[in-house]
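The lines below spell out each chain.
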Amino acid sequence: MRLFDTLARTDRELRPIDGKTFRFYCCGPTVYGPAHIGNFRTFVLQDVFRRVLETAGIPTLHVRNITDVDDKTIRDSQKAGKPLADFTAAWTAKFHADCEALRLLPPHIEPGAVEHIPQQIAMISTLVKKGHAYASDDGSVYFKISSFPDYGKLSRLDSRELDLGKTQNARANSDEYEKDNLSDFVLWKARRPGDGDNFWPSPWGEGRPGWHLECSAMIAEYLGDSFDLHSGGVDLVFPHHENEIAQSVCACGGRFSAHWFHVTHLLVDGGKMSKSLGNLYTLEDLAAKGFTPMEVRYVLIGGHYRKPLNFTLDSLHAAHEALQKLAKGATALATRAGGDFTLADVSFGPFQAAWDQLNHDLNTPGALGSLFTGLRESTALTGRDAAAALAGFNRILRALGLILPPAEEKTADIPADIQAIAEERWQHRTAKNWAKSDELRARLTELGWTMKDGKEDYTLTPIR
RNA sequence: GGCGGAGUCGCCAAGUGGUAAGGCAACGGUUUGCAAAACCGUUAUUCGAGGGUUCGAUUCCCUCCUCCGCCUCCA
């Protein structure tokens, strides 16, 4: 497949550098609370990316870390009155549950930062030894940006802009840090009173690793000095990924990541998500509004990963309808196939366009569109042809990670009083007492329920 | 101030130097007591504004307007 590379600024064909397995790293969550749908946009797109590679027959090695020690995890674990490990374990479990609900394939390796402190200390030692890092008086260690000429290439920052960064942040940092150069970033943070029990011994004294270094050390451990692709949200381009490159290249040599895949941020109601605006949704928030994880997934892949995607409750409703339509189309296709066929070839048939779009810079919205047009083109197919088309359709669905819903579910838990009114109305309707019938339907609407009449029975749906 | 991205039908959203996918919604028809569901059909001469290049631009260039993101630990 072809994919845009942040560093090269162009589409490039992806091939495993070892000729066999495509090895890639994704920056995972910081586990101090529930992940929100913005976080999941990135993880879902990374999942589709992996599924497309695997559908194309390319094996993958997917590494995604858990950041289980940093300022926020320490702060919030103390606020909760729990040991850091217990606190992060609980949120990690929640993250895994959400991932499963969204049908994200689990990474092959999911390292945690705390488990890899020795590797991190070793990497810092190497950087100090090679002259790329230095310890300050308080026992923190910093990376010396001036020792790495390529610094800023990924994010296109030149030295002038770094200088600007210095002046902008000089005031904020001057009383906290002991850096040679204010643009230098921290590799090891000296123990502070507020850290509680969360510190580890090191050659520079007690402390804890810096966030950027955690990823570099775990990448070195599991993917070595050169690997195929690195991914995360756009906000990580600077400084996180820029710093990772500096640390890893200086410590390990090698080319680090051959390709950079960044997912643009999700917007909610046209703007940035924030707690203060009350638009920071989690899967649980949306479930409470009656939306399924699959509907969320559909919305998240409904926009191209390099464009802003505007998330609204309305788009979730549209996703619900769209998934129903796909399910009906698939059922109709299966009915027309009329039986099982042994299908030798693995072509995509009417869904070739969808596959092509997925392979062209991961165009998920284009592929979704082609799913509908492919279904329409298949309406005349029967027997083996229909079965072949259905096979292609299902391959695309698997690549997108979509599971179609069963035919519109009849609501299970209807309150007794609502049920009673509906029964009464049904009797009036059967007796052709239209006036009373309409009156009772209006009443149900007022009570928040929609009653739809069928030939033999009726359905009640809550209005949301 | 610097860097980057975006403005396409009421909403969401693809796409392309050659004349605008798809979904939702809406509307019309068949059907229905009326609705709903289902099925069929319709819905942007136009792609933020203005110039330019071109046989031809929404797609390339320039200017402007609007919005968004990043600029030291936020996916």
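The structure presented is a predicted model; accordingly, all values stated were derived computationally and were not measured.

Quick look at the packing of aromatic side chains
Consideration 1: A complete count under the given rule lists 18 aromatic pairs for this structure.
Consideration 2: Ring geometry for Phe22 against Phe24: centres 6.3 Å apart, planes inclined by 50°, an arrangement best described as tilted.
Consideration 3: Given the relative accessible area of 1%, Phe22 is considered buried.
Consideration 4: Here Phe24 falls in the buried class, since its relative accessible area comes to 0%.
Consideration 5: Consider the rings of Tyr151 and Phe185, whose centres lie 6.4 Å apart with planes at 25°: the pair is stacked.

Re the confidence of the model for chain A
Consideration 1: For chain A, the average pLDDT comes to 88, and 93% of its residues sit at 70 or higher.
Consideration 2: Low pLDDT, under 50, characterises residues 163-177; the predicted model gives this stretch ten contacts beyond four residues in sequence or across chains.
Consideration 3: Interface confidence for the predicted complex, expressed as ipTM, amounts to 0.92; the pTM equals 0.90.

Notes on the sheet that holds strand β3 (residues 22-26)
Consideration 1: Read from one edge to the other, the open sheet built from four strands follows the order β4-β3-β10-β12, with strand pairing classed as parallel. Edge positions in the sheet fall to β4 (60-64) and β12 (260-263), since each has one partner strand and no second. Put simply, the sheet's adjacent strands are angled 20° from each other on average, direction ignored.
Consideration 2: Examined bridge by bridge, β3 and strand β10 (residues 229-233) share three bridges and lie parallel to one another. Among the inter-strand pairings, Tyr25 is bridged to a residue of β10, identified as His230.
Consideration 3: Along the sheet, helix α1 (residues 37-55) contacts β3, β4, β10 and β12; its crossing angle with β12, the most-contacted strand, is approximately 135°.
Consideration 4: Contacting β10 and β12, helix α7 (residues 237-252) runs over the sheet at an angle of about 155° to β10.

Here we look at helix α15 (residues 434-446)
Consideration 1: Spanning 13 residues, α15 covers 18 Å between terminal C-alpha atoms, matching the ideal 18 Å at 1.5 Å per step.
Consideration 2: When α15 is considered as a whole, its buried residues turn out to be Ser437, Leu440 and Leu444. The buried residues of α15 occupy an angular sector of 70° when projected down its axis, which confines them to one face. Facing away from the buried side of α15, by more than 90 degrees, are the exposed residues Ala435 and Glu446.
Consideration 3: Looking at the buried positions of α15, the neighbouring elements they touch are α14 (416-430), β15 (449-453) and β16 (458-462).
Consideration 4: Looking at the residues trailing α15, positive phi occurs at Gly448, about 95°.

With respect to the pairing of β16
Consideration 1: Sheet topology places β15 next to β16; five bridges connect them, and they run antiparallel. Within β16, the residue paired with Lys452 across the bridge is Thr459.
Consideration 2: Between β15 and β16, which pair antiparallel in sequence order, lie four residues.

Some remarks on the packing of α1 against helix α9 (residues 293-300)
Consideration 1: The N-to-C vectors of α1 and α9 enclose an angle of 80°; their axes lie 10 Å apart at closest approach. Taken together, the axes of α1 and α9 are roughly perpendicular relative to one another. Packed against α1, whose contacting residues are Ile37, Phe40, Arg41, Val44, Leu45, Asp47, Val48 and Arg51, the element α9 presents Val296, Arg297 and Leu300 at the interface.
Consideration 2: Tallied by class, residues from the contact of α1 with α9 come to seven nonpolar, no polar and four charged.

Considerations on the side chain of Asp228
Consideration 1: You can see Asp228 is positioned in the loop between β9 (226-227) and β10.
Consideration 2: Nearest to the buried, unbridged Asp228 among oppositely charged side chains is Arg23, at 4.4 Å.
Consideration 3: Reaching out from Asp228, the side chain makes a polar contact with the backbone nitrogen of Ile17 at a distance of 2.7 Å.
Consideration 4: A polar contact of 2.8 Å, which involves the side chain of Asp228, links it to the backbone nitrogen of Arg23.
Consideration 5: When neighbours within four sequence positions are excluded, Asp228 is seen to be in contact with Arg15, Pro16, Ile17, Thr21, Phe22, Arg23, Ser257, Ala258 and His259.

Here's the deal with the state of the cysteines
Consideration 1: On inspection of all chains with the given rule, the structure shows zero disulfides.
Consideration 2: Of all cysteine sulfurs, the one in Cys215 lies closest to Cys27, which takes part in no disulfide; the gap is 4.0 Å.
Consideration 3: Judged by relative accessible area, Cys27 falls into the buried class, the value being 6%.
Consideration 4: As a non-bridged cysteine, Cys250 has Cys252 as the owner of its nearest cysteine sulfur, 9.7 Å distant.
Consideration 5: Looking at Cys250, the relative accessible area reads 7%, which means it is buried.

About the thresholds
Residues numbered from 1 in each chain as written. Chains lettered and ligands numbered in written order. Predicted model: local features only at pLDDT ≥ 70, side-chain atom pairs only at ≥ 80, totals over all residues. Heavy atoms only, no water. Phe/Tyr/Trp six-rings, centres within 6.5 Å; stacked < 30°, edge-to-face > 60°. Buried < 20%, exposed > 50% of the residue type's maximum accessible area, 1.4 Å probe, protein only. pLDDT = per-residue confidence, 0-100. Contact = heavy atoms within 4.5 Å. Pairing = 2+ DSSP bridges. Helix = DSSP H or I, 4+ residues; strand = E, 2+ residues; numbered from the N terminus. Axes fitted to C-alpha atoms, helices over the stretch in contact; angles between N-to-C directions. Expected span 1.5 Å × (residues − 1). Arc of directions from axis to C-beta. Parallel < 35°, antiparallel > 145°, perpendicular 65-115°, else oblique. Nonpolar A, V, L, I, M, F, W, Y, C, P; charged D, E, K, R; others polar. Lys, Arg positive; Asp, Glu negative; His and termini not counted. Salt bridge = Lys/Arg side-chain N within 4 Å of Asp/Glu carboxyl O. Polar contact = N/O pair within 3.5 Å; in protein donor to acceptor, adjacent residues only side chain to side chain. Disulfide = S-S within 2.5 Å.

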